[in-house]
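# Structure at a glance
Take a look at the letters that make up each chain.
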Amino acid sequence: MGPAVATTFALYPLRFRFAACKLRDFSANTLRGAFGSALKTKDADAYARFFAPHRAEGAGPSGLADPPRPFVFRLPGPLEVGLNVFLTREPAVELFTRVMGELGTLSSVAGTEPLHLSLCAPQGRVRRVRVHFLTPTELKGAEQPEFGILLARIRDRVSALRELYGDGPLAIDFKAFGERASRVSMTRCELVQVAAGRTSRATGQRHSLGGFTGVAEYEGDLAEFLPYLEIARWTGVGRQTVWGKGEIAYETF
């Protein structure tokens with residue numbers, strides 16, 4: 001594996017535009033359910049791997065008992081669906097495109113070439129960053145997105161996605177990374193709690209889709225963390241990202 005691969009995070013930024021869609025409720029939650037049903041019909045083995053993946057005991061980063069799914073949904077506009085796919089070790093684009101075609105009439109498909117995002121810090125100093133939590137976000141063990149906690153969750157998610165579906169886990173010192181992130185201060189935090197939920201048709205189990213939205217600002221030595229914030233724009237962060245939770249944006253200032 002070459003050094004260029006080792007310092008990137010790869011994904012397929014698939015974008016589907018529908019001329020007509022069969023779904024009445026055009027939401028990430030509904031799309032995820034309909035997509036899963038269509039995938040199960042098209043390829044039961046793929047459904048079992050992607051919707052109910054099993055991690056061997058002791059494998060992967062600690063704290064991730066349930067492996068992350070290899071994709072998240074985004075809704076950029078009416079009758080438009082984004083499907084960020086992190087499965088790069090095996091063909092997936094054609095299968096996922098056929099599955100999306102079961103949900104309606106597709107007028108266009110874009111983003112079928114892999115996107116490689118750098119994990120290398122940019123040159124120069126970056127001292128301040130503003131993070132926008134665009135959809136309800138839930139960080140395990142935290143009521144507020146302190147920078148150390150936020151970056152630890154992003155780091156673990158990026159490493160797990162690479163390990164399960166891409167080029168392998170991050171080759172970094174996780175503890176030292178977390179310690180450096182914890183030294184960044186949160187200087188502003190304006191959040192709104194959102195209450196929402198869903199009930200699984202398969203199990204009848206109730207899942208929370210709530211969390212916080214809003215904005216937080218941070219100050220410190222930030223350059224090495226910007227690539228992780230950029231990747232998190234595509235992967236989301238926190239719990240239940242496959243249902244559209246944990247979408248973020250950021251800006252330096």
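Residues numbered from 1 in each chain as written. Predicted model: local features only at pLDDT ≥ 70, side-chain atom pairs only at ≥ 80, totals over all residues. Heavy atoms only, no water.

## Here we look at helix α6 (residues 174–182)
- Considered for burial, the residues of α6 that qualify are Phe177, Gly178 and Ala181. All buried residues of α6 project into a common sector of 95° when viewed along the axis, lining one side.
- Where α6 is buried, its residues contact α5 (147–165) and α7 (226–235).
- For α6, the capping residue at the N-terminal end is aspartate 173, with a side-chain oxygen 3.1 Å from the backbone nitrogen of lysine 175. (Buried < 20%, exposed > 50% of the residue type's maximum accessible area, 1.4 Å probe, protein only. Helix = DSSP H or I, 4+ residues; strand = E, 2+ residues; numbered from the N terminus. Arc of directions from axis to C-beta. Contact = heavy atoms within 4.5 Å. Polar contact = N/O pair within 3.5 Å; in protein donor to acceptor, adjacent residues only side chain to side chain.)

## Comments concerning the side chain of threonine 241
- Note that threonine 241 resides in the loop between α7 and β11 (248–252).
- Given a relative accessible area of 6%, threonine 241 falls into the buried group.
- Within the structure, threonine 241 has its side chain in polar contact with the side chain of arginine 157 (distance 3.0 Å).
- The residues touching threonine 241, leaving out its near neighbours within four places in the chain, are Val72, Arg157, Thr235 and Gly236.

## Remarks on the packing of aromatic side chains
- With the rule as written, the count across this model stands at twelve aromatic pairs.
- With 5.7 Å between their ring centres and 90° between their planes, phenylalanine 50 and phenylalanine 96 make a pair best called edge-to-face. Placement of the pair is phenylalanine 50 in helix α3 (residues 44–51) and phenylalanine 96 in helix α4 (residues 93–101), with a sequence separation of 46 residues.
- Looking at phenylalanine 50, the relative accessible area reads 2%, which means it is buried.
- The exposure class assigned to phenylalanine 96 is buried, which follows from its relative accessible area of 0%.
- Connected via pairs of aromatic rings, a cluster forms that spans Phe35, Phe50, Phe71, Phe73 and Phe96.
- Here the guanidinium or amino end of arginine 130 rests over the ring plane of phenylalanine 253, the centre of that ring lying 4.1 Å away. (Phe/Tyr/Trp six-rings, centres within 6.5 Å; stacked < 30°, edge-to-face > 60°. Lys NZ or Arg CZ within 6 Å of the ring centre and 35° of its normal.)

## A word on the environment of tyrosine 47
- Structurally, tyrosine 47 can be placed in helix α3.
- Between the alpha carbons of tyrosine 47 and phenylalanine 35 there is a distance of 9.8 Å; along the sequence they are twelve residues apart.

## Thoughts on the pattern of salt bridges
- What the rule picks out here adds up to 14 salt bridges.
- Two residues, arginine 188 and glutamate 217, come together in a salt bridge whose shortest N-O distance is 2.7 Å. Of this pair, arginine 188 sits in strand β7 (residues 185–194) while glutamate 217 sits in strand β10 (residues 211–219), and the two are 29 residues apart along the sequence.
- We classify arginine 188 as partly exposed; its relative accessible area is 29%.
- Salt-bridge contacts for arginine 233 lead to glutamate 230; the nearest nitrogen and oxygen are separated by 2.9 Å. Linking arginine 233 with glutamate 230, this pair stays in helix α7, spanning three residues, or about one helical turn.
- What emerges from the salt-bridge pattern is a single network uniting Arg130, Arg188, Glu190, Glu217 and Glu251. (Salt bridge = Lys/Arg side-chain N within 4 Å of Asp/Glu carboxyl O.)

## Examining the nonpolar core
- Membership of the largest hydrophobic core comes to 67 residues, with the highest contact counts inside it found for Phe35 and Phe71.
- Sorting elements by how many residues they give to this core places α5 first, with seven residues.
- Those residues in contact with phenylalanine 71, other than ones at most four positions away along the chain, are Phe35, Phe50, Phe51, Leu83, Asn84, Val85, Phe86, Phe96 and Val242. (Core = buried A, V, L, I, M, F, W, Y, C linked by side-chain atoms within 4.5 Å.)

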